[in-house]
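Spelled out from the first residue to the last, the chains are:
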Amino acid sequence: MKEKVKKILICEDHQIVIDGLCSIIADFSGFGVVDTVTSYSSLYSSLEINKPDILLLDLNLPHKNGIEILRELRVKKNPVKVLILTMYNKKTIISKTVNEGADGFLLKNCSSEDLLNALHHVSENDFFYYGEGVIKSKKKSGFQEDEFYKRIQLTSREKEIIKHLCDGKKVPHIATIMYISPLTVETHKKNIYRKLGLNSVTKLVNFAHENQLF
Amino acid sequence: MKINYFNTCFALFILGIQFCFGQKTIEVNPLLQKNIKINSQLHVSKEKAITPTLTALRKFDLAMDERRFFYLDFDVTQAYTTFKIANTTKHKQDMVLVFSYPFIEDAKLFKVVNDSLYPQGQIGIFSGKGPIGRNWKIPILSLPNETSNYLLVLKKAPGKPVATDITLFSNEKHVAVSGLQNTLIGFYFGITVLSILFTLFIFGLTRHSVFLLYGFYLVALAIYIASYFGFSNVFLPAEQLNNGRTVYVLAIEFSTILFVLFAQKLLRAKKYLPKLNRTVIVVIIAAIAVFRVILHIIGDALTVGQFAIFMKLWYGTILFLILAVLIELLVYIKHNPRIGSLFALSYLFMILGAVFVVLHQSIGLLKVTFFGLSHILFASALEIILLSITIAFIVGQIYKDRNTLASTMLVEQQRFLNAFVLGQEEERKRLGAELHDNVGSRISNLRRVFSHKHTDVAIEKEFDMVCDEIRNMAHAITPAEIALVGLPGAVEELLEELAKSDSLKINFNSFRFPDNLEEDMATNLFRIVQELLQNVFKHANASVVDIQLFGHKNSVTLSFEDDGQGTSHKKKTSGIGLKSIQSRVAQMNGQFLFDSIKGKGTSVLVIIPTKYT
């Protein structure tokens, strides 16, 4: 079955990399580079005109970075498959691109086979392609639980301040007891409220009681 | 009250009367205090001093002198005066003849009875009898109903003028008067000692030479005043009384020089009038060298005339110094009116005191006394009080200047640090971007192109290693991913790397931290976290670290807590690490709260306002 040639758009700010990629892809059957752009400003018009199947997207781009572009594409519900091509090999970045809706992640020093595999993978599958050597990262799951778990992770100093606040002590008094400045206590208090999603001492007392903090 | 007895005496002299006893008789009473000069005539001789006999004394010239004190001019060698004491009471009266100036070489008192001289008392270098106490005193006893003529012979060296009061006191009156005088002198030295202690204390604190010079000046001045009022006599045996005069002269010279040096320092002549400042110092050195040293060596060979010229030169020098200080003062007053005018006032008292002394002692003009004490004591006291107040003001000034300087330096330092931090960040960014994007991309591309055309696993591996190395290097220099994953992501990544190598437990959480925080701000906060972690690794000896990022309505907060040993208060703001953190926080108009309690760990809060995000 003769397949239609997949159109590839390269978004990359280094011409040498573009040239290298073009020469490699030219040898791949079933794939063809339709256009190359060096920044996001020319990207959208090219996407509009060429309607590529796959976007090879660098992360470090001038003016707007790859993740922001990716986020925008997904917000605009652009169906193009996005293959990230970058120097970064960091868990947080990879998971971020996964979360933002990329389809694959390649390191810039990948081999030509890896690139070919990736191109095939993203055109055929919906699940994420991890290039050679890319650190695997799971999509964040159980977000709610995680947040709650985080919330009750109070530091010892925060616990101490909560205890004093629940005892009905005022900020200056707590500062004197703890040998710290009132502003420090005030800031901790503000942080605690933000952390626990509270806005008054009464709610704090209830929270402490419900969660058996003491 | 001035009474001219000259005509009377002259007439009597012409009539061939041997001695001029025409003066008013001094009536003895228990409260007697009589200036002898007013009741007597002065006869002087410029011949070589001789042993006083009536025949010899007859050759003396009558000085046509209307002064209210005894003044013996430069060339006078010997002088005598006569007076008559009458005791009309039925009691004997002990009296004392007191000289106010303690540097007469010799004094002899005779009773004149039937053309014969009967010695009553003597004092001085030649007589071999020293004064008891600070003044020269010769006791006189007047018996009931006794009326006697007395003759007082004074001897002095040529070239040195003498001006002195000679007062006849009853013993009782003398005790009262000298008691008051001693109290006043005591006050004077009290003020001096307090001022010396004060200025030395200030010198100890500030190490400013002006205070030390003032101290030296006060010491020299005190020695001068002490010898002027005859205290040197107390320590010297009769035959060495002349040395008291040497001390007196040296002290006045040194105090003048020290005063000029002190005034130059105080008036900042070096800054305002550098040429005059230098000239004054040269003149002082020349004055000491020429007048003191050379005069000391060749002094004895000089004739009276030459000596007088030397003295005039010396006075000229002093006058020059006084004028120099005056000019410096006038310039200084423009820069600092308050201290300048205080100093001017004290300078006025000093000059008045000095001029009056010169007029009185050297030329025999003018006599200003209070309670029988020379004006110099009072002028000097006022001068010292005013100078000490001036000094106190200067201390205030120095303190203020130092504070201003310190705060200026602090601002400068902060500015420098800010610039340094900014530049460092800029450079890191540039270098990181260059390494990562440019060099890294090119190598990666090379590797890919190579692997496409050739199959050489070894070289491919080598390529990969170079790529990894560049990547790691770039990331070590700048967390380029901050822009991609935000501050919480970058911190997480950082901690993940640290967790591999360290046993320290680091908890990190972020709460509603904004995604779109300005990149500079995020980078600064990231660096702060790095710096704080460095501190923990280096010093804290902690086992748990809690790092939290909070997004508030108008601010973001970084909370960094450890359970380490904490630091003492003194150390808390020192160290380039904390300073660079403070500098970064200041750049973001934020607040840096550092609370460290020994043994209870350290808590750092960084609050950054984010009005525009």
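Since the model is a prediction, treat every value here as computed from it, not as a measurement.

Student: Teacher, can you tell me more about the overall build of chain A here?
Tutor: A tally of helices and strands in chain A yields ten helices and six strands. Taken against the 2.2 N^0.38 rule, which gives 17 Å for 214 residues, the C-alpha radius of gyration of chain A at 25 Å runs more than 25% over that of a compact globule. Principal-axis analysis of the C-alpha atoms gives chain A an extent of 75 × 35 × 30 Å. When each of the 214 residues of chain A is scored for burial, the buried share is 50%.

Student: Would you take a moment to explain the overall build of chain B for this structure?
Tutor: Regarding its fold elements, chain B presents 15 helices and 20 strands. The C-alpha radius of gyration computed for chain B amounts to 44 Å, which surpasses the reference 25 Å derived for 613 residues by more than 25%, pointing to a less compact arrangement than a globule. A principal-axis box enclosing the C-alpha atoms of chain B has dimensions of 150 × 50 × 40 Å. Taken across its 613 residues, chain B has 49% of its residues classed as buried. The long-range fraction of contacts in chain B, counting pairs at least 24 apart against all pairs at least 6 apart in sequence, stands at 75%.

Student: Sorry, what's going on with the nonpolar core here?
Tutor: As a rule of thumb, nonpolar side chains are buried together in soluble globular proteins. Residue and element names in this part refer to chain B. Judged by nonpolar contacts, the single largest core of 84 residues is most densely connected at Leu97, Phe259, Phe262 and Phe343. Considering every element that reaches this core, the biggest residue donor is helix 4 (residues 209-228), with eleven residues. Inspection of this core shows a minimum of three residues originating in each of domain 1 (6-175) and domain 2 (176-397). When near neighbours in sequence (up to four residues on either side) are disregarded, Phe259 contacts Tyr217, Val325, Phe343, Tyr347, Met350, Glu383 and Leu387. Counting residues in each nonpolar core, the second largest holds 36 residues, with Phe508, Val529, Leu558 and Val604 among its members.

Student: Please clarify how a nonpolar patch on the surface should be interpreted in this entry.
Tutor: All names here are of chain B. A grouping of Val290, Val293, Ile294, Ile297 and Ile298 is seen on the molecular surface, where their side chains present a nonpolar patch of about 400 Å² in accessible area. Secondary-structure assignment places Val290 in helix 8 (residues 274-298). Residue classification places Val290 among the partly exposed residues on the basis of a relative accessible area of 33%.

Student: Looking at this structure, I do not really get the interface of chain B and chain A. What am I missing?
Tutor: Reports often express the size of an interface as the amount of accessible area lost when the parts come together. In this complex, chain B contributes 51 residues to the contact, which on the side of chain A involves 48 residues. Between chain B and chain A, the buried area comes to about 4,700 Å², and carbon and sulfur atoms account for 54% of it. Counting the surface chain B buries against chain A, the share from its top three residues, Arg448(B), His452(B) and Leu484(B), is 16%. Summed over the shared surface of chain B and chain A, the result is zero salt bridges. Linking chain B with chain A are eight residue pairs in polar contact (both at pLDDT 80 or more), by the criterion used here. Put simply, the parts of the chain that give the side of chain B that touches chain A at least two residues each are helix 11 (375-453), helix 12 (457-477), helix 13 (482-501), strand 16 (505-511), strand 17 (544-551), strand 18 (555-562), strand 19 (591-596) and strand 20 (602-609) of chain B. The element that contributes the greatest number of residues to the side of chain B that touches chain A is helix 11 of chain B, accounting for 13 residues. When its residues are assigned to classes, the side of chain B that touches chain A shows 13 nonpolar, 22 polar and 16 charged.

Student: For this particular structure, what's the right way to read the side chain of Ser559(B)?
Tutor: Here Ser559(B) is to be found in strand 18. In terms of polar contacts, Ser559(B) uses its side chain to reach the side chain of Glu561(B), at 3.4 Å. With residues near it in sequence (within four places) discarded, Ser559(B) still touches His188(A), Asn191(A), Asp546(B), Ile547(B), Gln548(B), Phe550(B), Val604(B) and Leu605(B).

Student: So what exactly am I meant to see when it comes to the pairing of strand 1 (residues 6-11) of chain A here?
Tutor: Residues in a regular strand project their side chains so that they alternate between the two faces of the sheet. All names here are of chain A. Sheet topology note: the strand 1/strand 2 (residues 31-37) ladder contains six bridges and is parallel. Within strand 2, the residue paired with Leu9 across the bridge is Asp35. Each parallel crossover has a hand, and the one from strand 1 via helix 1 (residues 15-26) to strand 2 is right-handed. In this sheet, strand 3 (residues 54-57) lies alongside strand 1 in parallel orientation, the contact comprising four bridges. For Ile8, the partnering residue across the bridge sits in strand 3 and is Ile54.

Student: For this particular structure, what's the right way to read the domain arrangement of chain A?
Tutor: Segmenting chain A into domains produces domain 1 (6-130) and domain 2 (143-210). Centre-to-centre separation of domain 1 of chain A and domain 2 of chain A, based on C-alpha positions: 46 Å.

Student: Any chance you could explain helix 5 (residues 112-124) of chain A here in plain terms?
Tutor: For an α-helix the count is 3.6 residues per turn, leaving residues at separations of three or four pointing the same way. The end-to-end C-alpha separation of helix 5 of chain A is 18 Å, in line with the 18 Å expected for 13 residues at 1.5 Å each. Buried residues of helix 5 of chain A: Ser112(A), Asp114(A), Leu115(A), Ala118(A), Leu119(A), His121(A) and Val122(A), and no others.

Student: Explain the environment of Ala286(B) here, please?
Tutor: Summarising the element assignment, Ala286(B) is placed in helix 8. Separated by 31 residues in sequence, Ala286(B) and Thr317(B) have C-alpha atoms that sit 9.6 Å apart.

Student: Could you clarify how one ought to interpret the sheet that holds strand 16 of chain B in this entry?
Tutor: The strands that make up a sheet are held in pairs by hydrogen bonds between backbone atoms, and each pair lies either parallel or antiparallel. Read from one edge of the open sheet, five strands run 16-17-18-20-19 (chain B), paired in mixed fashion. Looking along the sheet, the strands with just one partner apiece sit at the ends: strand 16 and strand 19 of chain B. Ignoring which end each strand starts from, the neighbouring axes of this sheet average 10 degrees apart. Across six bridges, the pairing between strand 19 of chain B and strand 20 of chain B is antiparallel. Among the inter-strand pairings, Asp595(B) is bridged to a residue of strand 20 of chain B, identified as Ser603(B). Against the sheet, helix 7 (residues 156-166) of chain A makes contact with strand 17, strand 18, strand 19 and strand 20 of chain B, and its axis sits at roughly 105 degrees relative to strand 18 of chain B, the strand it touches most. On the sheet, helix 9 (residues 182-196) of chain A packs against strand 16, strand 17, strand 18, strand 19 and strand 20 of chain B and is oriented at approximately 75 degrees with respect to strand 20 of chain B.

Student: For this particular structure, what's the right way to read the domain arrangement of chain B?
Tutor: All names here are of chain B. Along its sequence, chain B is carved into domain 1 (6-175), domain 2 (176-397) and domain 3 (484-613). On a C-alpha basis, the centres of domain 1 and domain 2 stand 33 Å from each other. Domain 1 puts 32 residues into the contact, and the matching count from domain 2 is 34 residues. Carbon and sulfur atoms supply 55% of the area buried between domain 1 and domain 2, which totals about 2,600 Å² over both sides. Ranking the residues of domain 1 by area buried against domain 2 places Phe103, Ile125 and Arg134 at the top, with a combined share of 30%. Across the domain 1-domain 2 interface, the total number found is one salt bridge. Taken together, the links from domain 1 to domain 2 amount to 15 residue pairs in polar contact (both at pLDDT 80 or more). Looking at the side of domain 1 that touches domain 2, the elements with two or more residues in it are strand 2 (33-35), strand 12 (162-164) and helix 3 (171-206). Ranked by residue count, the leading element in the side of domain 1 that touches domain 2 is helix 3, at four residues. The residue inventory of the side of domain 1 that touches domain 2, partitioned by class, reads 15 nonpolar, eight polar and nine charged.

Procedures and definitions
Residues numbered from 1 in each chain as written. Chains lettered and ligands numbered in written order. Predicted model: local features only at pLDDT ≥ 70, side-chain atom pairs only at ≥ 80, totals over all residues. Heavy atoms only, no water. Helix = DSSP H or I, 4+ residues; strand = E, 2+ residues; numbered from the N terminus. Rg over C-alpha atoms; globule rule 2.2 N^0.38 Å. Buried < 20%, exposed > 50% of the residue type's maximum accessible area, 1.4 Å probe, protein only. Contact = heavy atoms within 4.5 Å. Core = buried A, V, L, I, M, F, W, Y, C linked by side-chain atoms within 4.5 Å. Domains from an automatic or database assignment. Patch = residues over 30% accessible without salt bridge, like charges linked within 9 Å, V, L, I, M, F, W, Y side chains within 5 Å. Areas by Shrake-Rupley, 256 points an atom, 1.4 Å probe, with all protein chains shown as cover. Salt bridge = Lys/Arg side-chain N within 4 Å of Asp/Glu carboxyl O. Buried area = accessible area lost by both parts, 1.4 Å probe. Polar contact = N/O pair within 3.5 Å; in protein donor to acceptor, adjacent residues only side chain to side chain. Nonpolar A, V, L, I, M, F, W, Y, C, P; charged D, E, K, R; others polar. Pairing = 2+ DSSP bridges. Right-handed = clockwise from strand over helix to strand, strands pointing away. Expected span 1.5 Å × (residues − 1). Axes fitted to C-alpha atoms, helices over the stretch in contact; angles between N-to-C directions.

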